[in-house]
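# Structure at a glance
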Amino acid sequence: MDIARRSIEKPLYTWLLVLFCLIGGALGFVSVGKLEDPVFTIKEAVVITPYPGATAQEVATEVSEPLESAIQKMGEIKIVTSRNQPGISVITVEIKDTYDGDQMPQIWDDLRNKVGDAQSELPTGARQSLVNDGFGDVFGIFYAIQTDGFSDGEKHEIANYLRREILTVSGVADVELRGLPQEAIFVSPPTENLVNLGIDPGVLVTAVANSDAVSPTGTVPNGTQNLTINRPEGDDSVSEIAGLSVGIAGEVLNLADIADVSRERIDKPTEILRHNGASVFTLGVAGLTSENIVTVGDRVEQKLDQLQGELPYGVQIFPIYEQHKVVAEANTGFLVNLALSVGTVIAVLALFMGVRAAIVVGTTLLLTVVSTFFFMFIFDIKMERISLGALIIAMGMLVDNAIVVAEGMQIAMRRGQTAKQAAQKVAAQTQIPLLGATIIGIMAFAGIGLSPDATGEFLFSLFAVIGISLLLSWLLAITVTPLLAHYLFKVGGLKDGQDPYGGLIFRGYGAVLKGALRVRWLVIAGLIGVTAACFMAFGSVKQQFFPPSNTPLFYLNYKLAQGTSIKDTSSDLKILENWLLERDDVASVTATIGQGATRFILTYSPESADTSYGQLIIRAKTFDDIPAVKKALDEYAADTLPWAEVKTQQIIYGPATGADVEARFIGKDADVLRILGEQAVAIFEANALLEGVHTDWRERELTVRPIYATERAQAAGITREDVAQTMLIATDGILAGQYREDDRLIPIYVRAPDAQRAQDGSLLNQVIYSSALQDFLPVVQAIEGFELQPRDTLIHRRDRQKTLTVQANAITGVTPPTAFAQVRSLIEDMDLPPGYEMEWGGEFESASEAQASLGRQMPLSFMTMLIITILLFGKLRQTAVIWLLVPMAVNGVALGLLFSGLPFSFTALLGLLSLSGMLIKNGIVLVEEIDTQKAEGLAQSEAIVKASISRVRPVVLAAGTTILGMVPLLTDAFFNSMAVTIMGGLAFATILTLLAAPVLYHTILRKERVAEKQSKA
């Protein structure tokens, strides 16, 4: 098919294609969705089951075990883990990578059915399980709301008002409120009142439980209509609850006559939030994934501006994280980098090929990039960090197609051929090899793009955009490039017999190549030696999974001894907050105590509820300020709060991996697991590259247990439940009911008065009601006293087995793989008792899973690439020449990363794949040209030299433009190691293409070489 000639003969069609690229690309650019990072499905759900009063072991055995057993029957399950604490089971269900996001809703429905069916197996006292499949929702527009001077009830009204209003904004999917004051109504009967009146505390609990009940009342006929009877109005104030009537021994008393009734904040909140030192609640806004987050964010901002006039004076709204602004800034930065890359390409082409050729190739490149945006819109590929980076990664391959065609036509037209003749000749020689090479370049990324795991999903847009842009570059190179060359290139210019490659550089390269062919074995030996040395040097390159983000945010994770009260944790964090806020290089500090914050970025993993845990989200003035702030903060925290476990960490691109280094020990006995954990902790702590060493079971806590006096208690008609109820009233209080206030449900507790609970020895001074005796007895008649017991209050299970994990993080400046390598053999050499296992977690596990998934896909990709290469030539020897170049691509990569000091990260692996695609592509075009020259009657060595000289300029220009186009990415934290990989690798790959490929061709095609030698003899 003579597409190139037809594009000149039928210019209208080609101009329509150009117009389509421009208009479609512009519309696509405006309409395509914009995100910060690619969307990947967090294939996890959480099953939460309260079991009040149970120990962690009882929760694990009686609740988690039957639920996990039911859940594991689902074929879609990858792994089931549980976190068991006193009174609550939290099971995390992870789905296999092979299931995509569209299948998740049905899987979650099946999970709910399994959990629902298992409810009958749970013990009495366990409450209904809650399945939360919105665990991975991202609330990227994240605000702190300060409401100083308002009552707790008013704060709730303000929060609910904001939530209702923002949910009306187009494109908003959900709004999450966190950190609102936790209020309760406390009914506190003094013990003397209960004893004197002989009131069973259960009577008060029952009275309170029915105080605000909603009950059906029916209807009565009223003529032709039924008249609905409304229930009696529930109590609408705390004072009316205090006025409840209680029937006792034939008398009716008001609740206020028996107990004090108050409404106040609970003593032990589950969460405390502050922003810049002030108490706040947070408001997180999630946008629909189908919407442009930049547009949604702007709408939310406009709505908040409108609401400012309606909110009470004193309500202040502070941004913690504004994803839409980050996305807009990041996309603008990437577009600038892209423009710089394209501009660099055109400038280099103008310098070495002339202005006319630069216009031809540059226009083709610009149309390729612009039209890619149209197809991104059509296929719903969002404009984000990875998809935009893909255009820069593919730059070298995009420009190469146009350079090959433009170079061929320019030389042919200088020799006197018309544009049509030149287009026909060049297209006939190159369009199929270029198409094959383009598909091979795409297939180099198929292993990553088609990988079913989170990493593959995260990087799918890379594969998709590279595939789209490369196919477009081939199409435009054989249509638009010939037409533009027809308009701009001059016919003639070479004298009869003048060699277009007679310049000094071409003649010098030809001489070097002829010498290399004569000493080909020496050249091959040198290449093998250099390659072997570089492979050895590659072992010294630092390894990394995903690099840190360049967002000017970082975290401080703070952990006190297990069981520490939330108030003590909050008090400690306040010290660090005040110190940070005094620094000029800190813009803001958000503190969350008791659990992690709302998931405001996709890669953020909120910590589970724990009163001894706190986190600071610290925004530095600039990204460059983070290292200094982190270092100073680490030192200050170590000096000021030496009893705490403190770890600062930056945001990491890509899926979360937990701690940097994790060793998991699996077995039945908690004591044995703790012994193994202590041994591993000692190994980790002895290594200077690790810090923050701990086990995920944390410390055992002291618990107080009343010793039930069986004979005495039973003789008095007092059960264990009676003792437990008495202890509960004397401490936290019994949850007796709920008070409805608009859309709020405020808990009502019956508990002893504060003064009574604060007395020393108050538990021993309690009285207990005996229903059998209809009287109170001292609690000491029902118990033998109290005993202290150290208990595991945090038990982790993994696939229904107890699992203790030792965790640590690499120190600043050291990559996790480097630290992991230091302790790996020591941990693996530990003696484990029979029935116990050890396995690695952390970044090693995440990277291994990603690489294993990639490994399953890459053989198919490379097999496809190999088959295409064979089909292009129909010969195995030419294929061998090309593929022998691929391992040598590592040479420049190793040298570049070693000299730059950058790690070989997952993005560097992308660069290496891109490099292999470019190398194979150059090799295909060169070998095809050599075969063409041989077919025209030249001897093999002459054909090799002539073909190689004709490829010097396209190869060098494609490499040079790509290398210079990578320069803007050197300052990008995500892409810098990839940029160095491509720059260093491509520089060496140019030598491979122009020197190694001809030498290997001449060596492997021995028959033709011998025939040439004999003909000269």
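This report concerns the structure included in the present document. On a predicted model such as this, the values are computed, not experimentally measured, just so you know. (Residues numbered from 1 in each chain as written. Predicted model: local features only at pLDDT ≥ 70, side-chain atom pairs only at ≥ 80, totals over all residues. Heavy atoms only, no water.)

## Some thoughts on the overall build of the protein chain
- What the protein chain contains, in helices and strands, is 35 helices and 30 strands.
- Counting only C-alpha atoms, the protein chain reaches 125 × 75 × 55 Å along its principal axes.
- Here the protein chain holds 1017 residues, and the buried ones make up 54% of them.
- Sequence-distant contacts in the protein chain: of pairs separated by 6 or more residues, those separated by 24 or more amount to 81%.
- As displayed, the protein chain has an accessible area near 43000 Å², and 56% of this comes from carbon and sulfur atoms. (Helix = DSSP H or I, 4+ residues; strand = E, 2+ residues; numbered from the N terminus. Buried < 20%, exposed > 50% of the residue type's maximum accessible area, 1.4 Å probe, protein only. Contact = heavy atoms within 4.5 Å. Areas by Shrake-Rupley, 256 points an atom, 1.4 Å probe, with all protein chains shown as cover.)

## Details of the environment of Val-203
- Relative to the helices and strands, Val-203 resides in helix H7 (residues 201-209).
- On the accessibility criterion, Val-203 (32% relative accessible area) is partly exposed.
- With 43 residues separating them along the chain, Val-203 and Val-246 place their C-alpha atoms 8.0 Å apart.

## Let's talk about the pattern of salt bridges
- Tallied over the full model, the rule gives 45 salt bridges.
- With its nearest N and O atoms 2.9 Å apart, the salt bridge here joins Arg-263 to Glu-741. Of this pair, Arg-263 sits in strand S12 (residues 260-265) while Glu-741 sits in strand S23 (residues 734-741), and the two are 478 residues apart along the sequence.
- Of the residues examined, Glu-741 reaches a relative accessible area of 23% and is grouped as partly exposed. (Salt bridge = Lys/Arg side-chain N within 4 Å of Asp/Glu carboxyl O.)

## Side note on the nonpolar core
- Counting residues in each nonpolar core, the largest one holds 158 residues, and the members touching the most others are Leu-349, Met-409 and Phe-445.
- Discounting chain neighbours no more than four positions away, the residues touching Met-409 are Ile-8, Ala-419, Ala-422, Ala-423, Val-426, Pro-482, Ala-485 and Phe-489.
- Phe-150, Tyr-161, Val-296 and Val-300 belong to the second largest nonpolar core, which has 27 residues in total. (Core = buried A, V, L, I, M, F, W, Y, C linked by side-chain atoms within 4.5 Å.)

## Section: helix H28 (residues 816-828)
- Compared with an ideal rise of 1.5 Å per residue, which puts 13 residues at 18 Å, H28 spans 17 Å between its outermost C-alpha atoms and is within 8% of the ideal.
- Of all the bends in H28, the greatest measures close to 35° and is centred on Gln-822.
- For H28, the complete set of buried residues consists of Pro-816, Ala-819, Phe-820, Val-823 and Ile-827. (Expected span 1.5 Å × (residues − 1). Bend = angle between axes of the 7 residues up to and from the residue.)

## What to know about the packing of aromatic side chains
- Scanning the model with the defined rule gives 18 aromatic pairs in all.
- Ring geometry for Phe-375 against Phe-379: centres 6.4 Å apart, planes inclined by 20°, an arrangement best described as stacked.
- Joined through ring pairs, the aromatic side chains of Phe-142, Tyr-321, Tyr-555, Phe-600 and Tyr-604 make up one cluster.
- One cation-aromatic arrangement involves Lys-34 over Phe-29; the distance from NZ or CZ to the ring centre is 5.5 Å.
- When the ring centre of Phe-186 is taken as origin, the NZ or CZ atom of Arg-751, which lies over that ring, is 3.8 Å away. (Phe/Tyr/Trp six-rings, centres within 6.5 Å; stacked < 30°, edge-to-face > 60°. Lys NZ or Arg CZ within 6 Å of the ring centre and 35° of its normal.)

## A closer look at the side chain of Gln-85
- Following the sequence through the fold, Gln-85 ends up in strand S2 (residues 77-85).
- Take Gln-85: its relative accessible area is 15%, and that puts it in the buried class.
- A polar side-chain atom of Gln-85 sits 3.2 Å from a polar atom in the side chain of Arg-83.
- Not counting chain neighbours up to four residues away, the residues in contact with Gln-85 comprise Ala-56, Val-59, Gln-562, Ala-609, Thr-793 and Leu-794. (Polar contact = N/O pair within 3.5 Å; in protein donor to acceptor, adjacent residues only side chain to side chain.)

## Things to note about a negative patch on the surface
- On the surface, Glu-154, Glu-157, Asp-742 and Asp-743 cluster together into a negatively charged patch.
- Note that Glu-154 resides in helix H5 (residues 152-166). (Patch = residues over 30% accessible without salt bridge, like charges linked within 9 Å, V, L, I, M, F, W, Y side chains within 5 Å. Lys, Arg positive; Asp, Glu negative; His and termini not counted. Charge placed at Lys NZ, Arg CZ, Asp CG, Glu CD.)

## Section: the pairing of strand S29 (residues 801-810)
- Of all 10 residues in S29, 9 are buried; the element is thus mostly enclosed.
- In this sheet, S29 lies alongside strand S20 (residues 661-666) in antiparallel orientation, the contact comprising 6 bridges. Looking across to S29, one finds that Val-661 is bridged to Ala-808.
- Bridging between strand S21 (residues 690-695) and S29 involves 4 bridges; their strand directions are antiparallel. (Pairing = 2+ DSSP bridges.)

## Some points on the environment of Glu-183
- Examined against the element boundaries, Glu-183 turns out to sit in strand S7 (residues 183-188).
- Taking the relative accessible area as the measure of exposure, Glu-183 reaches 10% and is therefore buried.
- Distance from Glu-183 to Glu-271, taken between C-alpha atoms, is 12 Å for residues 88 residues apart in sequence.
- Residues contacting Glu-183, with those up to four places away along its chain left out, are Asp-152, Gly-153, His-156, Arg-263, Glu-264, Arg-265, Ile-266, Arg-744, Ile-746 and Pro-747.
- Of the polar contacts made by the side chain of Glu-183, one reaches the side chain of Arg-263; its length is 3.2 Å.
- Here the side chain of Glu-183 touches Arg-744 through a polar contact of 3.0 Å, side chain to side chain.

## Focus: the side chain of Gln-940
- Within the secondary structure layout, Gln-940 lies in helix H33 (residues 940-965).
- Owing to a relative accessible area of 3%, Gln-940 belongs among the buried residues under this scheme.
- Within the local environment of Gln-940, its side chain forms a polar contact with the side chain of His-1002, the two groups lying 3.0 Å apart.
- Aside from chain neighbours lying at most four places away, what touches Gln-940 is Lys-934, Tyr-1001, His-1002, Leu-1005, Glu-1008, Arg-1009 and Glu-1012.

## Digging into the sheet that holds S12
- In spatial order, the strands read S12-S7-S24-S23; together these 4 strands make up an open sheet with mixed pairing. Taken across any chain shown, the strands that pair with only one partner, and hence form the sheet edges, are S12 and S23. Adjacent strand axes in the sheet meet at a mean angle of 25° when their direction is disregarded.
- Where S7 lies against S12, 6 bridges are found, and the strand directions are antiparallel. Across the sheet, Val-187 pairs through a bridge with Val-261, a residue of S12.
- Packing of H5 onto the sheet brings it into contact with S7, S12 and strand S24 (744-750), and relative to S24 it is tilted by some 150°.
- Packing against the sheet, H7 makes contact with S7, S23 and S24, and its axis sits at approximately 20° to S23. (Axes fitted to C-alpha atoms, helices over the stretch in contact; angles between N-to-C directions.)

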